[in-house]
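Examination of the molecular architecture
Here is how the chains run, residue by residue.
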Amino acid sequence: MPLDDLATSLIEALTAALMLAVGLLPDSLAAPFEYRFMQRALLTSVLVGATCGLLSCFVVLKRWSLLGDAISHAVLPGVAIAYLLGWPFFVGAFVTGALTSLGIGAIERHTRIKSDAAMGLMFTAAFALGIVIISKITTSTHLMHILFGNVLGVQAQALMLTLLASLVAVLTIWLAYRPLLLYTFDPQQAQALGFNVSAIHYGLIMLLTLTIVASLETVGIILVVAMLVTPGATAHLLTDRFGTMLAISVGVGIVSAVAGLVLSVRLDVASGGAIVLVASGLFLVALLAAPRHGLIARRWRRWRFNRPTS
Amino acid sequence: MVSPATDGTPALEIKGLYAAYGQEPVLENISLSLPRGQWTAIVGPNGGGKSSLLSVVVGSLSPLRGELRILGQPSLAQRQAGCIAYMAQQERMEWDFPISVRDTVMTGRFGLMRQDPLWRRLLPRHWANPEHRLAVEEALEAVDMTELSARPIGALSGGQKKRVMLARALAQRAPILLLDEPLAGIDPPSEALIMAALQRQRRAGTTIIMVTHDLAGTRRHADQVLLINRTVVGMGAPEEMLKDSMLARLAVGATRMPAGEAPVAA
């Protein structure tokens, strides 16, 4: 298939570019990337970090953290069903993830149940269904990878999916930058200016679902929400410009994913956990040391204000 | 954009409009016609449907039935054409959003940017059509916010925030301005700035439709007053509508109006 060839050569080119950057590192750090699976893991990490970083800004500013958590848990039954039917896991994952987010919206709109209750209800129900189905399947390491993530075990097919998700996310956010910005900032105004607010809303949710599905094998169902919250939250502490926030958030996502990958190889620990811990560490640094919104800067301003003047 | 033609098409025309939030009716049998180029103040008790009426006009509340035309066309088409600038009450805004004052005002131009060529829309704002930037600078100047234009909006006072929201509406250069309590809870200097900017707009021929509780300002500046309490209680010149007898009738509201009685004619 020509599309497959295109994706393969794109992956080759991106890997080659990354290896150039790896070549600048000291030998002790660069050595593991001699291996093919490490190169694949590195490219996947960069793509997942960047895509999650992009989406993370919208998640943080729209207060969608719980929604992200809900969608990521809701993909489990889809993964299990796809496994039973012999389909690629991401098809099932995307379908149940998307259905759950639509279900949440429907409950919210047509009943008196508030959105956080609707989310808590829908995603636990979906997750429970996933667990019940999995308990009937003989243990599969692949399913464990999806629960907890294992970037070292990423296969070519999953890498292509991640690449596709990254391209879709970057293109969508670029092409629809202004409507997305306005919808996130002030949906009422977006409506008044004649933008199709519900199309933007569901488009953003579908993009979120796609990103989650593409990140499953890297960080896993349980931890993917961290990659959708922490980079954006870190960036929000560091800037008062939306464009800059997107850039910082992508940077935090990539740095966490790559550093987490290296640490997990070095220390022989779970990659998903290592990636999320690096991201949380970066957040902690920003929380303390951010120039305007950090705790130290706030203390400093208060101290200067209260300083007795002689 | 529809040019302010000289024929008699009203700025806003509503016939037999009903709207509700869930089970709760908020607007009942609203019919009105607001002429172009005038300043209309909408006055009524809290919960009387003033803001809901504006919500219907800008499409965030769907009417149960009834007809609504803006400059003779359906609302959505006119909103997409940039004919309406809307300044909402600001409680529902996300003030922590990382955006500067100038970029906030620029969001008012986002609707009009859809008419720009594709290549301009794909580039950052530095390459935006100069017309957009000019409109933004003018609007900032009109509310005296040029000096603070690089500030994040979260760092502004209440009055400054209102001025920025008005600047965003002015930046659209729309023939109709819809304002929902632009003077609520602000400092006197900001109020004076906003009223001065609106008077300039009125003189330039913009139609102003403004929900307000400021009766003194309405007496001074409005061309006409629309009294609303679930339905139209009256519409006419400020000195007529703001008489004690009319205000008393407004407070009683639609529920006690004898069936079939027509609202006071304009």
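Because the structure is a prediction, the values reported are computed rather than measured.

**Re the overall build of chain B**
Within chain B, the secondary structure is distributed over 11 helices and 9 strands. Taking 18 Å as the expected radius of gyration for a compact globule of 266 residues, we find that chain B reaches 19 Å, a close match to that expectation. Across its three principal directions, the C-alpha atoms of chain B cover 60 × 40 × 40 Å. Residues counted as buried form 43% of the 266 residues belonging to chain B. If you take every contact in chain B between residues at least 6 apart in sequence, the share linking residues at least 24 apart comes to 71%.

**A look at the overall build of chain A**
Summing up its helical and strand segments, chain A has 15 helices and 0 strands in all. Expected size for 310 residues packed as a compact globule is a radius of gyration near 19 Å; at 21 Å, chain A falls within 12% of this value. Summarising its shape, the C-alpha atoms of chain A cover approximately 75 × 60 × 40 Å along the three principal directions. The buried share of chain A, taken over its 310 residues, is 48%.

**Here's the deal with unusual backbone geometry**
Residue and element names in this part refer to chain A. Its identity is not glycine, yet Arg63 carries a phi of approximately 55°, on the positive side. In this fold, Arg63 is placed in the loop between helix H3 (36–61) and helix H4 (65–85). When the 11 C-beta atoms within 10 Å are taken as the criterion, Arg63 is described as exposed. Positive phi values are uncommon outside glycine, yet Asp268 reaches one of about 55°. For Asp268, the location among the structural elements is in the loop between helix H13 (242–267) and helix H14 (271–289).

**Brief notes about the sheet that holds strand E8 (residues 224–229) of chain B**
Strands belonging to one sheet form pairs held by backbone hydrogen bonds; the direction of such a pair is parallel or antiparallel. All names here are of chain B. Taken in spatial order, the 6 strands line up as E5-E6-E7-E3-E8-E9 in an open sheet, and their pairing is mixed. The two strands at the open ends of the sheet, each matched to only one other strand, are strand E5 (84–87) and strand E9 (231–236). Taking each pair of neighbouring strands and ignoring which way they run, the sheet shows an average axis angle of 15°. In this sheet, E8 lies alongside strand E3 (residues 39–43) in parallel orientation, the contact comprising 4 bridges. Along E8, the bridge assignment pairs Thr40 with Gln224. Here helix H1 (residues 50–57) sits on the sheet and contacts E3, strand E6 (176–180), strand E7 (207–211) and E8; the angle it forms with E6, its principal contact strand, is near 140°.

**Here we look at the environment of B:Gln80**
With respect to the secondary-structure elements, B:Gln80 resides in helix H2 (residues 75–80). For B:Gln80, a count of 17 C-beta atoms within 10 Å puts it in the partly exposed group. Sequence-wise, B:Gln80 and B:Leu54 are 26 residues apart; in three dimensions their C-alpha atoms are separated by 16 Å. Excluding its chain neighbours within four sequence positions, the residues that come into contact with B:Gln80 are A:Gly194 and B:Gly111.

**Some thoughts on the interface of chain A and chain B**
Between chain A and chain B, the residue contacts involve 18 residues of the former and 22 residues of the latter. Mapped onto the side of chain A that touches chain B, the elements with two or more residues apiece are helix H9 (177–185), helix H10 (187–192) and H13 of chain A. For the side of chain A that touches chain B, the element with the most residues is H10(A), which contributes 4 residues.

**Regarding the nonpolar core**
With 168 residues, the main nonpolar core has A:Val75, B:Ile84, B:Ala167 and B:Leu178 as its most contacted residues. With 15 residues, H3(A) is the largest single contributor of residues to this core. If we ignore the near neighbours within four places in the chain, the residues touching B:Ala167 are B:Val105, B:Ala139, B:Leu140, B:Ala142, B:Val143 and B:Met145.

**Overview of helix H7 (residues 158–171) of chain B**
Residues and elements named next belong to chain B. The end-to-end C-alpha distance of H7, which contains 14 residues, comes to 20 Å, matching closely the 20 Å that a straight helix rising 1.5 Å per residue would cover. Of all 14 residues in H7, 11 are buried, a share of seventy percent or more. Considering only its buried residues, H7 is in contact with E5, helix H3 (101–106), helix H6 (130–142), E6 and helix H8 (188–203).

**Section: the sheet that holds strand E4 (residues 65–70) of chain B**
Residue and element names in this part refer to chain B. Reading across from one edge, E2-E1-E4 is the order of the 3 strands in this open sheet, with antiparallel pairing throughout. The sheet is open, and its two edges are formed by strand E2 (24–34) and E4, each paired on a single side. Strand-to-strand, the axes of this sheet are offset by a mean angle of 25°, without reference to chain direction. Where strand E1 (residues 12–21) lies against E2, 7 bridges are found, and the strand directions are antiparallel. Bridging from a neighbouring strand, Ile14 pairs with Leu32 of E2.

**Describing helix H11 (residues 197–219) of chain A**
Relative to the 33 Å expected for 23 residues at 1.5 Å per residue, H11(A) spans 31 Å between its end C-alpha atoms, a close match to the ideal helical length. A maximum bend of about 25° is found in H11(A) at A:Val213.

**A few points about the confidence of the model for chain A**
Low pLDDT marks stretches whose predicted atomic positions should not be read closely. With 97% of its residues at a pLDDT of 70 or more, chain A shows a mean pLDDT of 90. Mean pLDDT across the elements of chain A ranges from a minimum in helix H7 (residues 141–148) of chain A, with 74, to a maximum in helix H12 (residues 224–238) of chain A, with 96.

**Focus on the packing of H3(A) against H12(A)**
Packed helices, taken two at a time, are described by the angle their axes make and the gap between the axes. All names here are of chain A. In the contact formed by H3 and H12, the axes pass within 7 Å of each other and the chain directions differ by 75°. As far as their axial angle goes, H12 and H3 are roughly perpendicular. Here Cys52, Gly53, Leu55, Ser56, Cys57, Val59 and Val60 of H3 come into contact with H12, specifically with Met227, Leu228, Val229, Pro231, Gly232, Ala233, Ala235 and His236. Here the contact of H3 with H12 is composed, by residue class, of 11 nonpolar, 4 polar and no charged.

**Quick word on the pairing of E6(B)**
All names here are of chain B. Burial runs high along E6: 5 of the 5 residues are buried. Neither face of E6 is open: one carries Ile176, Leu178 and Asp180, the other Leu177 and Leu179, and all of them are buried. The pairing of E5 with E6 spans 4 bridges and is parallel. Looking across to E6, one finds that Ala85 is bridged to Leu177. Pairing analysis gives 5 bridges linking E6 to E7, with the strands arranged parallel. For Ile176, the partnering residue across the bridge sits in E7 and is Thr207. For the crossover from E6 across H8 to E7, the handedness is right-handed.

Conventions we followed
Going along each chain's sequence as written, the residues are numbered from 1 onward. Going through the entries in the order they are written, you letter the chains from A and number the ligands from 1. Since the coordinates come from a predicted model, pLDDT governs what is reported: local features require at least 70, and pairs of side-chain atoms require 80 or more to be given and counted, while whole-chain, interface and lining totals use all residues. What counts as a helix is a DSSP run of H or I of at least four residues, what counts as a strand is a run of E of at least two, and both are numbered from the N terminus. This radius of gyration counts C-alpha atoms alone. The globule rule is 2.2 Å times how many residues there are, raised to the power 0.38. Residue burial here comes from a neighbour count, namely the number of other C-beta atoms, placed from the backbone, that lie within 10 Å of the residue's own C-beta, with 20 or more meaning buried, 12 or fewer meaning exposed, and in between meaning partly exposed. Any two residues are considered in contact once their C-beta atoms, placed from the backbone, lie within 7 Å. When DSSP finds at least two bridges between two strands, those strands are taken to pair. Axis lines are fitted to C-alpha atoms, over the contacting stretch for helices. Their N-to-C directions set the angle, which ranges from 0 to 180 degrees. Note on terminology: a nonpolar core is a set of buried residues of type Ala, Val, Leu, Ile, Met, Phe, Trp, Tyr or Cys, with members joined through C-beta atoms within 7 Å. The span you would expect from a helix comes to 1.5 Å times its residue count less one. Bend is computed residue by residue as the angle between axes fitted to the seven residues ending at the residue and the seven residues starting at it. pLDDT gives the predictor's per-residue confidence on a scale running from 0 to 100. Relative orientations are named as follows: roughly parallel for angles under 35 degrees, roughly antiparallel for angles over 145 degrees, roughly perpendicular for angles from 65 to 115 degrees, and oblique for any other angle. Amino acid classes used here: Ala, Val, Leu, Ile, Met, Phe, Trp, Tyr, Cys and Pro are nonpolar; Asp, Glu, Lys and Arg are charged; the rest, including Gly, are polar. Orient the strands so they point away from the viewer, and a crossover whose first-strand-to-second-strand path over the helix runs clockwise is right-handed.

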